[in-house]
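Structural description and commentary
Residues per chain are reported as follows:
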Amino acid sequence: MKIPKRIQPLVDEGLVDEVIRPLMSGKEAAVYIVRCGEDIRCAKVYKEADKRSFKQAVLYQEGRKVRSSRRARAMEKGSKFGRAQQEESWQNAEVEALFKLAKAGVRVPQPFGCYEGVLLMELVCDDEGMVAPRLADVAMDADIALADHGTMLHYIVLMLCEGLVHGDLSEFNVLVDSAGPVVIDLPQAVDAAANNNAKWMFCRDVNNMRDYYGLYAPELLHTNYAEEIWALYEAGELTPDVELTGEFVADDSAADVDSVLEQIKAAFAEAEDRKARIQAANED
């Protein structure tokens with residue numbers, strides 16, 4: 001196929017030998033299957049900020065650390081240089097998260113580097129060499145649903161132990177191969193300690209997993225792992241091998257009403273976006 005303009009520099013540098021075909025196009029990037037020597041990989045081409053449809057990105061960028069004070073000031077002012085740095089930070093966040101989580105034991109695609117806004121990484125395939133399906137496209141029996149939900153909870157705990165919250169975890173951001181779930185799409189990953197929205201993002205991630213797997217194992221719908229895990233994290237008691245019960249007794253003390261309302265508004269917007277994605281997927 002014709003080489004996309006954004007991938008051409010990688011071809012010129014010998015990092016990519018052939019673009020085989022498009023794989024998918026999402027709200028923040030387009031992904032292509034490419035050949036690098038004898039290896040088949042995927043190239044994730046990040047869309048420019050004005051072309052991304054990822055809603056409320058500013059919520060995800062809160063608390064991200066920038067090593068250079070000059071870059072941080074430029075990003076705050078919104079200058080041309082600052083916007084360029086913001087884009088680089090958005091793209092590098094996924095690369096850094098992939099390396100960090102792989103080391104922690106979370107199954108993610110192996111990254112090979114980000115070049116000119118294009119992330120080269122492993123193409124996750126099934127036993128027959130076909131591209132692994134999204135969780136949203138997979139049906140399963142109750143036993144597999146319970147087992148894979150347990151695996152995803154373990155990955156979520158490992159992520160939080162590393163100080164990260166996926167922030168957009170759903171059945172559309174998990175692939176499934178013969179070994180189970182693989183977590184993908186991490187440019188919006190947030191710092192659990194530095195982002196004021198981290199808790200509700202985390203709870204939404206966990207509850208999205210509960211609700212999907214609960215379609216096949218309804219007993220999961222009565223669990224509350226999200227609040228249980230977050231409470232352990234806040235208490236400094238969360239460990240990679242923690243034993244979870246799925247039970248949690250809420251604290252009835254007074255809440256920060258303004259904060260709760262903001263979270264409800266943001267959650268509603270995300271729910272509408274998710275509904276639109278589901279509808280689009282069903283129409284394909």
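These remarks concern the structure in this document. (Residues numbered from 1 in each chain as written. Predicted model: local features only at pLDDT ≥ 70, side-chain atom pairs only at ≥ 80, totals over all residues. Heavy atoms only, no water.)

1. Section: the side chain of Asp 205
Note that Asp 205 resides in helix α6 (residues 198-213). As a buried residue without a salt bridge, Asp 205 has its nearest oppositely charged side chain in Arg 204, at a separation of 4.6 Å. From its side chain, Asp 205 meets the backbone nitrogen of Asp 168 in a polar contact 3.4 Å long. Those residues in contact with Asp 205 that sit more than four places away from it in its chain are Val 165, His 166, Gly 167, Asp 168 and Leu 169. (Helix = DSSP H or I, 4+ residues; strand = E, 2+ residues; numbered from the N terminus. Buried < 20%, exposed > 50% of the residue type's maximum accessible area, 1.4 Å probe, protein only. Lys, Arg positive; Asp, Glu negative; His and termini not counted. Salt bridge = Lys/Arg side-chain N within 4 Å of Asp/Glu carboxyl O. Polar contact = N/O pair within 3.5 Å; in protein donor to acceptor, adjacent residues only side chain to side chain. Contact = heavy atoms within 4.5 Å.)

2. Quick look at the packing of aromatic side chains
All told, the structure shown has 4 aromatic pairs when counted by the stated rule. Each ring, one from Phe 202 and one from Trp 230, has its centre 5.4 Å from the other, and the planes form 45 degrees; the classification is tilted. One end of the pair, Phe 202, is in helix α6; the other, Trp 230, is in helix α7 (residues 225-234), with 28 residues separating them in the sequence. Across the pair, Trp 230 and Phe 202 agree in class, each one buried. An angle of 65 degrees between the planes, with centres 5.8 Å apart, marks the rings of Tyr 212 and Tyr 216 as edge-to-face. Classification of Tyr 216 as partly exposed rests on a relative accessible area of 25%. A network of ring pairs unites the aromatic residues Phe 202, Trp 230 and Tyr 233 as a single cluster. Here the basic side chain of Arg 41 rests over the ring of Phe 112, its NZ or CZ set 3.6 Å away from the ring centre. (Phe/Tyr/Trp six-rings, centres within 6.5 Å; stacked < 30°, edge-to-face > 60°. Lys NZ or Arg CZ within 6 Å of the ring centre and 35° of its normal.)

3. Details of the packing of helix α5 (residues 142-161) against α6
At a minimum axis distance of 10 Å, the contact between α5 and α6 shows a crossing angle of 170 degrees. With respect to α6, the axis of α5 lies roughly antiparallel. Residues Ala 145, Asp 148, His 149, Met 152, Leu 153, Ile 156 and Leu 160 of α5 form the contact with α6, whose own contacting residues are Phe 202, Val 206, Met 209, Arg 210 and Tyr 213. Its residues placed into classes, the contact of α5 with α6 shows 9 nonpolar, 1 polar and 2 charged. (Axes fitted to C-alpha atoms, helices over the stretch in contact; angles between N-to-C directions. Parallel < 35°, antiparallel > 145°, perpendicular 65-115°, else oblique. Nonpolar A, V, L, I, M, F, W, Y, C, P; charged D, E, K, R; others polar.)

4. A short note on α5
With 20 residues, α5 extends 28 Å from end C-alpha to end C-alpha; this agrees with the ideal 28 Å at 1.5 Å per step. Turning to α5, its buried residues are Ala 145, Asp 148, His 149, Met 152, Leu 153, Tyr 155, Ile 156, Val 157, Leu 158, Met 159 and Leu 160. The opening residue of α5, the one whose side-chain oxygen lies 3.2 Å from the backbone nitrogen of Asp 143, is Asp 141. Just downstream of α5 lies Gly 163, where phi reads positive at about 85 degrees. (Expected span 1.5 Å × (residues − 1).)

Purely spatial values, then, with no claim about function.
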